[in-house]
Amino acid sequence: MDWPIEEVARMSGVTARTLRHYGETGLLPPARIGSNGRRYYEEYQLLRLQQILVLRALGVGVPEIGRILSDQVDEVDALRAHHQRLLAERDRLDTLAGTVSRTIAELDQSRKDGNRMTINRPENLFEGVQPSQYEENMRDFPELAEEVGRRADAMSQSDADAAHRERTAQMIRLAELMAAGHPADADPVQAEIDAQYRALSELRAVSAEEYLAIGRSVVDNETWRAAYEAVVPGLAAYQRNAIEAYAATRLN
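Let us look at the structure shown here. As the structure is a prediction and not an experimental result, all values here were calculated from the model.

### Section: the overall build of the protein chain
Stage number 1. Helix and strand counts for the protein chain stand at eleven helices and three strands.
Stage number 2. Reading the protein chain from its N terminus to its C terminus gives the helix and strand order β-α-α-β-β-α-α-α-α-α-α-α-α-α.
Stage number 3. Within the span of the protein chain, comprising 252 residues, buried residues form 41% of the whole.
Stage number 4. Once local pairs closer than 6 in sequence are excluded, the contacts in the protein chain between residues at least 24 apart make up 64%.

### Here's the deal with the side chain of Arg 48
Stage number 1. Relative to the assigned elements, Arg 48 resides in helix H3 (residues 43-57).
Stage number 2. Contact partners of Arg 48, with chain neighbours within four places excluded, come to Gly 26, Leu 27, Leu 28 and Leu 69.

### Digging into helix H2 (residues 16-24)
Stage number 1. Taken together, the buried positions of H2 are occupied by Leu 19, Tyr 22 and Gly 23. Looking straight down H2, one finds that the buried residues subtend no more than 100° of arc, so they occupy a single side.
Stage number 2. Looking at the buried side of H2, the elements it contacts are helix H1 (5-12), strand E3 (39-41), H3 and helix H4 (62-70).
Stage number 3. Following H2 by one or two positions, Gly 26 has its phi on the positive side, about 85°.

### Things to note about the sheet that holds strand E2 (residues 32-33)
Stage number 1. The strand order across the open sheet built from three strands is E1-E3-E2, with neighbouring strands paired in antiparallel fashion. Of all strands in the sheet, those bounded by a partner on one side alone are strand E1 (3-4) and E2.
Stage number 2. Relative to E3, E1 runs antiparallel, the two sharing two bridges. Bridge pairing in E3 links Pro 4 to Tyr 40.

### Structural notes on helix H8 (residues 187-201)
Stage number 1. In this model, H8 (15 residues) spans 20 Å end to end at C-alpha, consistent with the 21 Å of a helix rising 1.5 Å per residue.
Stage number 2. Within the sequence span of H8, burial applies to Val 189, Gln 190, Glu 192, Ile 193, Asp 194, Gln 196, Tyr 197 and Leu 200.

### Comments concerning the side chain of Gln 190
Stage number 1. Following the sequence through the fold, Gln 190 ends up in helix H8.
Stage number 2. Here Gln 190 is in contact with Ala 184, Asp 185, Ala 242, Ala 245, Tyr 246, Thr 249 and Arg 250, once residues within four sequence places are set aside.

### Remarks on the pattern of salt bridges
Stage number 1. According to the stated counting rule, one finds six salt bridges in the structure shown.
Stage number 2. Of the charged contacts, one joins Glu 7 and Arg 10 as a salt bridge, the two residues approaching to 2.6 Å between their closest N and O atoms. You can see Glu 7 and its partner Arg 10 sitting in helix H1, three residues apart, about one turn around the helix.
Stage number 3. A relative accessible area of 26% places Glu 7 in the partly exposed class.
Stage number 4. Overall, the relative accessible area of 56% leaves Arg 10 in the exposed class.

### Quick notes on the nonpolar core
Stage number 1. Within the largest apolar cluster, 27 residues are counted, with the highest numbers of intra-cluster contacts made by Val 189, Ile 193, Tyr 211, Val 231, Leu 235 and Tyr 238.
Stage number 2. Broken down by secondary-structure element, the contributors of at least two residues to this core are helix H7 (157-179), H8, helix H9 (208-220), helix H10 (222-231) and helix H11 (235-250).
Stage number 3. In contact with Leu 235, not counting residues within four places along its chain, are Met 171, Leu 174, Ala 175, Met 178, Tyr 228 and Glu 229.
Stage number 4. Membership of the second largest hydrophobic core comes to 18 residues, among which are Ile 5, Val 14, Leu 28 and Ile 65.

### A look at the packing of aromatic side chains
Stage number 1. Within this structure, the stated rule accounts for three aromatic pairs.
Stage number 2. Centroid distance Tyr 197 to Tyr 246: 5.6 Å. Interplanar angle 45°. Geometry classified as tilted. Of the two residues, Tyr 197 is situated in helix H8 and Tyr 246 in helix H11; the sequence distance between them amounts to 49 residues.
Stage number 3. Measuring from centroid to centroid gives 6.0 Å for Tyr 211 and Tyr 246, while their planes differ by 80°, and the two rings are edge-to-face. Residue Tyr 211 is found in helix H9, and its partner Tyr 246 is found in helix H11; the two are separated by 35 residues along the sequence. Each member of the pair, Tyr 211 as well as Tyr 246, is classed as buried.
Stage number 4. Of the aromatic side chains, those joined through ring pairs into one cluster are Tyr 197, Tyr 211 and Tyr 246.

Conventions used here
- Residues numbered from 1 in each chain as written.
- Predicted model: local features only at pLDDT ≥ 70, side-chain atom pairs only at ≥ 80, totals over all residues.
- Heavy atoms only, no water.
- Helix = DSSP H or I, 4+ residues; strand = E, 2+ residues; numbered from the N terminus.
- Buried < 20%, exposed > 50% of the residue type's maximum accessible area, 1.4 Å probe, protein only.
- Contact = heavy atoms within 4.5 Å.
- Arc of directions from axis to C-beta.
- Pairing = 2+ DSSP bridges.
- Expected span 1.5 Å × (residues − 1).
- Salt bridge = Lys/Arg side-chain N within 4 Å of Asp/Glu carboxyl O.
- Core = buried A, V, L, I, M, F, W, Y, C linked by side-chain atoms within 4.5 Å.
- Phe/Tyr/Trp six-rings, centres within 6.5 Å; stacked < 30°, edge-to-face > 60°.

Now the structure itself:
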C-alpha cells in the first residue's frame, strides 16, 4: 500500500513542500513518482519520516539527521535509539519544568515585594532549555515559517542553541517589565517589541497586518501560549498587547 504526498502531509502535519524538500535532499525520497509527477510513499518511508520528526523534535538539524539515518540499517535498532533519546528528553523536560517553576516563584515574590526582579544566576533561566522547532509554531505564516526553517537547517547546533536562548531571554525581559508594572505601550516594552520586529524583518518584510496576526497567535496558538504562560501567567496577552501598541504607533 502507498499514500500520495497530500495524504502523508495530512497524517504527519508536515507540509507537502517540506516533504518535497526532504526528497530533493535525499533525506526522504518517495517510494515512487507517478506518471503525472505525483509522489507516493510506502510504509518504509512513513517509518523513516517518523524517525526524522522525532529527531527534529529533539532539536537535531536536518544535516545531522541525514548522517544519523545513513548509519542505520535495522528499523527496530533505530527506534530503540530514538526511544533512548525520548527518555533523555523526558529528563530534560523535568529539569526545564523545575527551571520555569523557580522563575515563576521569583517573579511572584518580586511582584509581592514591589521590586523589579533580579537574577543572580542568569544561566539558571536556561537550564534544560534546548532549541525547539520554532517554525512548527508558525504554520499560519508559511512564508516566514519556510525562511525560519531554512535558516534553522543551516545552523550549527551552537548557533541554534544561542538563538533559542535569545528568544527565551526576550520572554524573560518582557516578564520582568510586566512584573515591574510597565503597561504594554511603555517605552522599555516597545523597545523589546521593536527588537523582535527587526529580527523578523531580517528574514523578510513583515506588514503591520501580519505582525498583528503574529501577536494574536501568541495567545491563540496553544504551543506559543503555553510557552509564554509557563514563564509567568498573563505574559502571552502582554506580548500581544505590546505588539498591537507597536503596530498602531510605528507601523501605520
